[in-house]
Amino acid sequence: MSCGGPSDTDGSGGGGGGDARHAEIPEQPAELSDPPPFATPTTEAEPSDPQPVETPATAAAMYDLPPVAAPTTEAELSDLPPVAAPTTETDEPATIEVPVVLPGSTEGCPGGMVRVEGEYCSAVVQECLEYHPEWTKRHGEPGVAARCLRFREPSRCVAKKTEHLSFCMDRYEYPNVPGELPRTLTSWEQAAGLCEAQGKRLCTEAEFNFACEGPELLPYVYGYERNAETCNQDRDYRFPDHSQRLLHYEACQHNARCAAEIARLDGREPAGGRAACASWAGVFDLNGNVNEWVVRTDQKAPYRSGLKGGWWGPIRSACRPMTTFHKEDDYGYEVGFRCCADVEQRAAE
């Protein structure tokens, strides 16, 4: 399945992970009333037997998702000449300015990774005081997400106890190279394999949350008020061509039709291009740019896959919400990932 869509969800499509509890109102179907300005912490249902993932028709109706993007075959590609890799249609400059002194600690971590350590709260209340006018007027319509413009300060931890986390995280989205566009059209399974090939692993839901919000439990990496200039987010949504399927990353680059469609839809920016979109730990682009696969540690295959952080479209792009209804072999034009790793033992001793 291609995961792209104008709205993201914190789990309303297929059960949720225990570490994703938060109080921001999820997007509601059209028949529901306006969201109240206050929400109490909730725990997403965890069925004993995972429910089947929504069919493309149902998902498209609720979330305006593109159709399933089945892998291509060698026969399909044999008569197609190679084409240039998709480019991003953007007004942003081609070059980026990377800070001379990068934020965060790298102690005990492989090159290109930062150390993230501290006390993590699994259950948080984040009260939205003001929603985007689009949501208050048109919620329930395709392409309309519950973007919060302003949260109450501070957020509140309501867990009985916190958990000490210490891990390493890629500073940038895969391939973790500043100035390069992040890889997309990659399934959870493929992402896990690419991380493993580097001696790393996919980040967990809790690790992503903590690297993004930090000890202050910030709704966004940059604070409590939404700012479309700080991170690559809130761009106008471009509806995909549902008559054409998308291919996996490498195959799409060698298929003229797929490459052209990606070039039309693409809103990625080079990794680290917005210096202000760095979290407290020194990790870039945890909000916006591309959705990121994480591991839901409380689930079993094929439901261990979650999407965090949001992408460039007009969606939540916040730290806590998570999309949970995509299976591990799904992928999309806005779906990427980054890798995590354990802290080297000698640094922990």
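You'll find the structure just up there.
Computed from a prediction, not measured in an experiment: that's the story for all the values here. (Residues numbered from 1 in each chain as written. Predicted model: local features only at pLDDT ≥ 70, side-chain atom pairs only at ≥ 80, totals over all residues. Heavy atoms only, no water.)

**Q** Would you mind going over the overall build of the protein with me for this structure?
**A** When helices and strands are tallied, the protein shows eight helices and twelve strands. Burial status across the protein gives 55% buried among its 349 residues. For the protein, restricting intrachain contacts to residue pairs at least 6 apart in sequence, the fraction spanning at least 24 positions comes to 79%. Split by element, the accessible area of the protein, about 14900 Å² in all, is 52% carbon and sulfur. (Helix = DSSP H or I, 4+ residues; strand = E, 2+ residues; numbered from the N terminus. Buried < 20%, exposed > 50% of the residue type's maximum accessible area, 1.4 Å probe, protein only. Contact = heavy atoms within 4.5 Å. Areas by Shrake-Rupley, 256 points an atom, 1.4 Å probe, with all protein chains shown as cover.)

**Q** Even after reading the chapter, I still don't get unusual backbone geometry, so can you show me in this structure?
**A** Glycine aside, residues mostly have negative phi, and peptide bonds are mostly found in the trans state. Each neighbour pair has its own omega, and for Glu 153 with Pro 154 the value is -5 degrees, a cis peptide bond. Within the element layout of this structure, Pro 154 appears in the loop between strand E4 (148-151) and strand E5 (156-157). A cis amide bond links Tyr 174 with the next residue in sequence, Pro 175, at an omega value of 20 degrees. Secondary-structure assignment places Pro 175 in the loop between strand E6 (163-170) and helix H4 (188-197). The backbone phi angle of Asn 176 is positive, close to 65 degrees, even though this residue is not glycine. Taking relative accessible area as the criterion, Asn 176 reaches 14% and is therefore assigned buried. Positive phi outside glycine occurs at Asp 234, with the angle close to 65 degrees. Mapped onto the elements of the fold, Asp 234 is located in the loop between helix H5 (205-213) and helix H6 (249-253).

**Q** How do you make sense of the packing of aromatic side chains when you look at a structure like this?
**A** The geometry of an aromatic ring pair is captured by the separation of the ring centres together with the interplanar angle, meaning the angle of the planes. Taken as a whole, this structure holds twelve aromatic pairs when the rule is applied. Ring geometry for Tyr 174 and Phe 337: centres 4.6 Å apart, planes at 20 degrees, overall stacked. Residue Tyr 174 is found in the loop between E6 and H4, and its partner Phe 337 is found in the loop between strand E11 (335-336) and strand E12 (339-341); the two are separated by 163 residues along the sequence. Using a relative accessible area of 1% as the deciding quantity, one classes Phe 337 as buried. (Phe/Tyr/Trp six-rings, centres within 6.5 Å; stacked < 30°, edge-to-face > 60°.)

**Q** What is the right way to read the state of the cysteines from this model?
**A** Note: disulfide means a covalent bond formed between the sulfur atoms of two cysteine side chains. Overall, the coordinates contain eight disulfides when judged by the stated rule. Disulfide partner of Cys 128: Cys 148, at an S-S distance of 2.1 Å. Here Cys 128 and Cys 148 share a disulfide; its torsion about the S-S bond, 105 degrees, makes the bridge right-handed. Within this pair, whereas Cys 128 is found in strand E3 (residues 128-131), its partner Cys 148 is found in strand E4, the two being separated by 20 residues in sequence. Take Cys 128 and Cys 148: they sit in the same class, and that class is buried. (Disulfide = S-S within 2.5 Å.)

**Q** Explain H5 here, please?
**A** Because an α-helix completes one turn every 3.6 residues, residues spaced three or four positions apart along the sequence face the same direction. Across the nine residues of H5, nine count as buried, placing the element largely inside the fold. Considered for burial, the residues of H5 that qualify are Glu 205, Ala 206, Glu 207, Phe 208, Asn 209, Phe 210, Ala 211, Cys 212 and Glu 213.

**Q** What's the story with the nonpolar core in this structure? I'm lost.
**A** One broad rule of soluble globular proteins: the nonpolar side chains tend to lie buried together. In terms of nonpolar packing, the biggest core is built from 22 residues, with Val 116, Phe 167, Met 169, Val 221 and Leu 286 touching the most fellow members. Mapped by element, the contributors of at least two residues to this core are strand E1 (113-120), E6 and H5. It is H5 that provides the largest number of residues to this core, a total of five residues. Contacts of Leu 286, omitting those with residues within four sequence positions, involve Met 169, Phe 208, Ala 211, Cys 212, Val 221, Ser 279, Glu 292, Gly 309 and Arg 338. (Core = buried A, V, L, I, M, F, W, Y, C linked by side-chain atoms within 4.5 Å.)

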